[in-house]
Amino acid sequence: VGDDAPSSLRERIIVKYDSSGNWIQTEDFFRGNIQKPNAIAVAPDDNIYILDSQPNGEKVVKFTTNSPYYSTVIDFAQLRNRLVPPDIKPSGLAVDSEGSLYIGESRSLPRGEEDTRFIWQFCASQQNNELPQPKLIPQYRGAVTKLAIGKYGRLFVFNAEARVVKGFKKQKQFLKWH
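Being a predicted model, the structure only gives us computed values, none of them experimental. (Residues numbered from 1 in each chain as written. Predicted model: local features only at pLDDT ≥ 70, side-chain atom pairs only at ≥ 80, totals over all residues. Heavy atoms only, no water.)

(A) Molecular detail of the overall build of the protein chain. Summing up its helical and strand segments, the protein chain has two helices and 14 strands in all. Here the protein chain holds 178 residues, and 35% of them are scored as buried. Sequence-distant contacts, at least 24 apart, represent 34% of the contacts inside the protein chain between residues at least 6 apart. Of the roughly 10800 Å² of accessible surface on the protein chain, 48% is carried by carbon and sulfur atoms. (Helix = DSSP H or I, 4+ residues; strand = E, 2+ residues; numbered from the N terminus. Buried < 20%, exposed > 50% of the residue type's maximum accessible area, 1.4 Å probe, protein only. Contact = heavy atoms within 4.5 Å. Areas by Shrake-Rupley, 256 points an atom, 1.4 Å probe, with all protein chains shown as cover.)

Next up, the structure:
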């Protein structure tokens, strides 16, 4: 938003406009709602997901195109110790054609320790008010800096620590490294 915009718009972190350039009134979403944005992904239905990597406040927020509101779809504080490791440091975010979210890990490991960092899949078929049930994808181990899903559904992982990009082809239940 430019300096000539009203101050109420300049303070917002998300501002929506229609195709004519007219401002669309939305729920107030200011910088305080997302502390440390780490990744963004756009779903095929144009919904936007943002990974907030604020320590001990990590979450994924969803913005829908047909509503002025946002919602927290994954709250790592609720998942820790039960469904994901307590020391998880989420990083990288991608969404597939079915709406499932993929999130990696970037926590540091002591030298020589077995790598227990994976990619987690959060299925799209969650009911409201239900904790997402993540599935660990064991075919990839290592730090995740960025995730992306290509045109044909392949998941690409960028690991800056190892300076490598890997691509995986989605199959019925597993991702297969190519």
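Read on for the rest.
(B) Quick look at the nonpolar core. Ranked by size, the top nonpolar core spans 17 residues in total, and within it V60, I74, F76, L93, L101 and F122 carry the most contacts. Those elements giving two or more residues to this core turn out to be β3 (37–42), β4 (48–52), α2 (76–79), β7 (90–95), β8 (101–105) and β9 (119–122). Residue contacts for I74: discarding those within four places in its chain leaves E58, K59, V60, L79, L101, I103, F122 and P132. A94, I119, I137 and L155 belong to the second-largest nonpolar core, a separate cluster that totals 10 residues. (Core = buried A, V, L, I, M, F, W, Y, C linked by side-chain atoms within 4.5 Å.)

(C) Representation of unusual backbone geometry within the structure. Of note in this structure, D46 is not a glycine but carries a positive phi near 70°. Given a relative accessible area of 44%, D46 falls into the partly exposed group. Unusually for a residue other than glycine, N56 sits at a positive phi of about 65°. Structurally, N56 is set in the loop between β4 and β5 (59–63). For N56, a relative accessible area of 68% puts it in the exposed group.

(D) Spotlight on the side chain of N159. For N159, the location among the structural elements is in strand β12 (residues 155–159). Within the structure, N159 has its side chain in polar contact with the backbone oxygen of A143 (distance 3.2 Å). Not counting the four nearest positions on each side in its chain, N159 is found in contact with Y140, G142, A143, T145 and V164. (Polar contact = N/O pair within 3.5 Å; in protein donor to acceptor, adjacent residues only side chain to side chain.)

(E) Representation of the pairing of β5 within the structure. Here β5 lies mainly inside the structure; four of its five residues are buried. Bridging between β4 and β5 involves five bridges; their strand directions are antiparallel. Residue pairing for β5: I50 is matched across the bridge by V61. Connecting β4 to the next strand, β5, in antiparallel fashion are six residues, including N56 with a positive phi near 65°. (Pairing = 2+ DSSP bridges.)

(F) Broad picture of the environment of F63. Structurally, F63 is set in strand β5. Overall, the relative accessible area of 6% leaves F63 in the buried class. Residues F63 and D46, spaced 17 residues apart in sequence, show a C-alpha to C-alpha distance of 9.0 Å.

(G) Looking closely at the sheet that holds strand β10 (residues 134–137). Across the sheet, four strands lie side by side as β7-β8-β9-β10; this open sheet has antiparallel pairing. Strands at the two margins of the open sheet, each flanked by one partner only, are β7 and β10. Geometrically, the sheet is characterised by an average inter-axis angle of 25° between neighbouring strands, direction not taken into account. Where β7 meets β8, five bridges bridge the pair, whose relative direction is antiparallel. Across the sheet, residue S91 finds its bridge partner in β8, namely G104. (Axes fitted to C-alpha atoms, helices over the stretch in contact; angles between N-to-C directions.)

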